[in-house]
Amino acid sequence: MHAVNGVSIDFEEGEFAAIVGPSGSGKTTLLNMIGGLDYPTEGNILVDNTDLSTLKSSQLIDFRMNHIGFVFQSYNLIPVLTAAENIEFIMNLQKWPKKKRQDRTMELLKAVGLQDRANSRPSKLSGGQQQRVAVARALASKPKFILADEPTANLDSKSTGTLIEIMENLNKEENITFIFSTHDARVVKRARRVITVEDGKVISDERKE
Amino acid sequence: MMMILLTAWKNVWRNKIRSLVVIASITVGIFAGVFAVGLMSGTMEQRVDAALNQEVAHIQINQPGFRDNYDIDLLLENSHEVAKQLENISGVSAVADRLVINAIASTATKSKGVQLIGIDPPKEKQVLELDKTLIAGSGNYFETKSRYKLAFIGEDLAKELNIIRFRIDESVLDSLSEKGIPEEVISKIRPFQDTRFASEKAFLKSMKNVLSAMESKTYGGSILEEAWTFRDRSKLTLTFLDKDNIQTGGMFRIAGIYDVNNSMFEESQLFVLQEDLKELTGIDKDAAHIELLKIIDRDQTNEITEEIRQLYPELEVLNWKEISPDLAMMTAMVEKFHAVFLIIILAALSFGIVNTMLMVVLERTKELGMLTAIGMNKKRVFTMIMSESVFLTLVGGVVGMIISRITLWFTASKGINFASAAEGFEAMGFSAHIYPSITNTFFITVTVLIIITGILSSIYPALKALRLDPAEALRTE
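Residues numbered from 1 in each chain as written. Chains lettered and ligands numbered in written order. Predicted model: local features only at pLDDT ≥ 70, side-chain atom pairs only at ≥ 80, totals over all residues.

J.: For this particular structure, what's the right way to read the overall build of chain B?
T.: A tally of helices and strands in chain B yields 20 helices and 14 strands. Radius of gyration (C-alpha) of chain B: 32 Å, far over the 23 Å computed for a compact globule of 477 residues. Each of the 477 residues in chain B was classed as buried or not, and the buried ones make up 40%. Counted over contacts in chain B with a minimum sequence separation of 6, partners at least 24 positions apart contribute 81%. (Helix = DSSP H or I, 4+ residues; strand = E, 2+ residues; numbered from the N terminus. Rg over C-alpha atoms; globule rule 2.2 N^0.38 Å. Buried ≥ 20, exposed ≤ 12 C-beta atoms within 10 Å, placed from the backbone. Contact = placed C-beta atoms within 7 Å.)

Structure (structure tokens):
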């Protein structure tokens, strides 16, 4: 049994796509392979003409840092750092100058509506707020695309609505590609492309006008 | 890098209680180990100092074979000339010569074999500090004017020969009252007023019969101290052979009694004026059995000993390590104990750190997976885990070292009194009042080793963190 089997799929810049399917259908595995966290046993993954399957582990890590942003289901913020420090973390890894880091952090906090909570630790933020910080963190290094694995799974409906709106705005304004794996009908409704996966195979791929 | 270190420092305090427990265990371990080493070092240091300053000096020179039987005929001729030459050697501080003769010391009730040491007090004072060990109120160091020849004897010999006695009289009871001994205790010993006890043993036995165990333990020392009496003008008889093997001797007045906290030494070493001994034995004025040397820097003992051996190949030249091999052996053994203690402390520290950090890696599997996913490379993950370990170690280590330092500083000035075990200590030649000591080198060494241990202990947990597959780690609950 293969988690993903015979999948061939392309994503273009600026897409707002949702990968849907029941639990165990292979959505997360597909997302992980696109993000370079899993290797395909056959085939390859090309991101901007770079074949991820040919990169060594250390090269993959660097590639992810510079090209891909991640948003996780359970936020996965660093609990000992503030919201601002979490966002700055990647920029620190990339050795951005301090002023440039701080400016970008503030810009992102404003974009997600949390400029007043810059110095709050994750434990002082609601689930929705934490996920917004996670989105800001994913965008910090200006990646090619954001991979979001069930980003709304732990959120209430109001927070879900706010988060999707933020991501949609960023997608439209900055042309950032968003690829979600999701069960959430509200996310599917807002996606402009819906890829349905079942038993590791893509069974449908619909683009909306 | 700063971000990694800052994050690592904050991670240490993520679980405050666990971190504080680990830090406390490191602190206690370090403190206990360093203090124990300080106690051992201080004890040995005091013993060696006492031996060098009161008993054997740094170097001794005598005729070959003299120490086998202390043959009176094995003399150093022209000893004054030899002494002058020795004084001119670089590093030598002072020289004194001695006669050493086996003798019997007797009083009316007891006798004992002793070693009679004929000294020249002014020269002897430059080499050894025996004069400073005089018990207050027991006389002086050969300053008495008497028609009798003078002897300077050890406290334990004085007790053995019943020269020191124990007596409770009105003045003793008054002194005990002034010292704050409860009236209840004083009334128990009052029936012994004007009783003279022949020995310390008999005195203590009588006290134990009337006092409770707690009272004996608490007040016994003070009662013994006050009841201690020494009759001024006490005398003893010394009997020995002269240079012609004819028995001779004389009556000596006790000039003073010394206490060097070494029972064996006090019972055997009895000091008289060299001129008196030469008069009685017929030994030449310019001869001696032993030259005693004091040197400026103890660390130069071996070099100076070799130099003197080159100068006097026909004589036996021994340094303190050779004269008291037991002392040298104990010193070497204590140094090895330091190393063993250090290894135990560091091993315990290491296990504690490895255990804690493995738990940390396990608990943060998902987070570590996330960090790798978003682009934190292996080197940075490794650095972060290692930094957390080093910070934990450093905090516990530094606090432990500070507490040890303060405790050692305090106890080094006040000392720790093991009075209840004084007899046992003195029987082995050790003072019961110990002043712990630690060298700065040891302190620095321990600090550096703590840091190294922290670093090395973090390697395994950090490697565990590196082996995590980010995709698998992210799936962890």
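J.: What is the right way to read the interface of chain B and chain A from this model?
T.: Often the size quoted for an interface is simply the accessible area lost on bringing the parts together. At the interface, 19 residues of chain B touch 19 residues of chain A. Elements represented by at least two residues in the side of chain B that touches chain A include exactly α1 (2–12), α16 (365–374), α17 (378–414) and α20 (470–475) of chain B. The residue inventory of the side of chain B that touches chain A, partitioned by class, reads 8 nonpolar, 5 polar and 6 charged. (Nonpolar A, V, L, I, M, F, W, Y, C, P; charged D, E, K, R; others polar.)

J.: When you look at the nonpolar core in this model, what are you seeing that I'm missing?
T.: Across soluble globular proteins, you tend to see nonpolar side chains buried next to one another. Formed by 97 residues in total, the largest nonpolar core has its most connected members in Ile19(A), Ala136(A), Leu139(A), Ile146(A) and Leu147(A). Counting residues per element, this core draws most heavily on helix α2 (residues 16–55) of chain B, at 9 residues. Those residues in contact with Ile19(A) that sit more than four places away from it in its chain are Lys27(A), Leu30(A), Leu31(A), Ile179(A), Phe180(A), Ser181(A), Ile195(A) and Val197(A). One finds Ala57(B), Val260(B), Ile283(B) and Leu292(B) within the second-largest nonpolar core, a separate group that totals 59 residues. (Core = buried A, V, L, I, M, F, W, Y, C linked by C-beta atoms within 7 Å.)

J.: Can you walk me through the environment of Ile181(B) in this structure?
T.: Residues and elements named next belong to chain B. With respect to the secondary-structure elements, Ile181 resides in the loop between α7 (170–178) and α8 (183–189). Taking the C-alpha atoms as reference points, Ile181 and Ser222, 41 residues apart in sequence, are found 8.6 Å from one another. Ile181 has contacts with Leu176, Ile186, Tyr219 and Ser222, leaving out every residue within four places of it along the chain.

J.: I'm lost on the packing of helix α3 (residues 83–93) of chain A against helix α5 (residues 127–139) of chain A in this one. Help?
T.: A pair of packed helices can be characterised by two numbers: the angle between their axes and the separation between those axes. All names here are of chain A. Interhelical geometry of α3 versus α5 gives an angle of 25° and a closest axis separation of 8 Å. Our classification of the angle between α3 and α5 gives roughly parallel. As α3 runs across α5, the sense of the crossing is right-handed. In this structure, α3 contributes Ala83, Asn86, Ile87, Phe89 and Ile90 to the contact, and α5 contributes Val133, Ala136 and Arg137. Class assignment of the residues belonging to the contact of α3 with α5 gives a composition of 6 nonpolar, 1 polar and 1 charged. (Axes fitted to C-alpha atoms, helices over the stretch in contact; angles between N-to-C directions. Parallel < 35°, antiparallel > 145°, perpendicular 65-115°, else oblique. Left-handed = near helix turned anticlockwise from the far one by under 90°.)

J.: When you look at α16(B) in this model, what are you seeing that I'm missing?
T.: Since the α-helix advances by 3.6 residues per turn, residues separated by three or four positions end up pointing in the same direction. Most of α16(B) sits inside the fold, with 7 of its 10 residues counted as buried. At the exit of α16(B) stands Gly375(B), carrying a positive phi of roughly 125°.

J.: Even after reading the chapter, I still don't get the pairing of strand β1 (residues 59–62) of chain B, so can you show me in this structure?
T.: On a regular strand, one side chain projects to one face of the sheet and the next to the other, so that they alternate. Residues and elements named next belong to chain B. Across the two faces of β1 the burial is the same, with Ile59 and Ile61 and Gln60 and Asn62 all buried. One ladder, built from 4 bridges, connects β1 with strand β12 (residues 316–319); its direction is antiparallel. Bridge pairing in β12 places Asn62 opposite Glu316. In terms of strand pairing, β1 meets strand β11 (residues 290–295) through 4 bridges, oriented antiparallel. Bridge pairing links Ile59 to Leu293 in β11. (Pairing = 2+ DSSP bridges.)

J.: Just to check I follow, could you spell out the sheet that holds strand β4 (residues 68–71) of chain A for this structure?
T.: Note on sheets: strands pair through backbone hydrogen bonds, and any given pair is parallel or antiparallel. Residue and element names in this part refer to chain A. As summarised here, the arrangement of the 6 strands in space is β4-β5-β6-β1-β7-β8, forming an open sheet in which the pairing is mixed. Lying at the two open borders of the sheet, with one neighbouring strand each, are β4 and β8 (201–207). Recorded for the sheet is a direction-independent mean angle of 15° between the axes of neighbouring strands. Direction of pairing for strand β7 (residues 193–198) relative to β8: antiparallel, over a ladder of 6 bridges. Within the sheet, the bridge partner assigned to Ile195 lies in β8 and is Asp205. Together, β1 (16–20), β5 (145–149), β6 (177–182) and β7 form the strand contacts of helix α1 (residues 27–34), whose direction differs from that of β6 by roughly 150°.

J.: Please clarify how the sheet that holds strand β7 (residues 228–230) of chain B should be interpreted in this entry.
T.: Residues and elements named next belong to chain B. Across the sheet, 3 strands lie side by side as β6-β5-β7; this open sheet has antiparallel pairing. Each edge of the sheet is formed by a strand with only one pairing partner; in this case those strands are β6 (196–197) and β7. Sheet topology places strand β5 (residues 164–167) next to β7; 3 bridges connect them, and they run antiparallel. Considered in β7, the bridge of Phe166 is made with Trp228.

Function-wise, these values are silent; they only describe arrangement.
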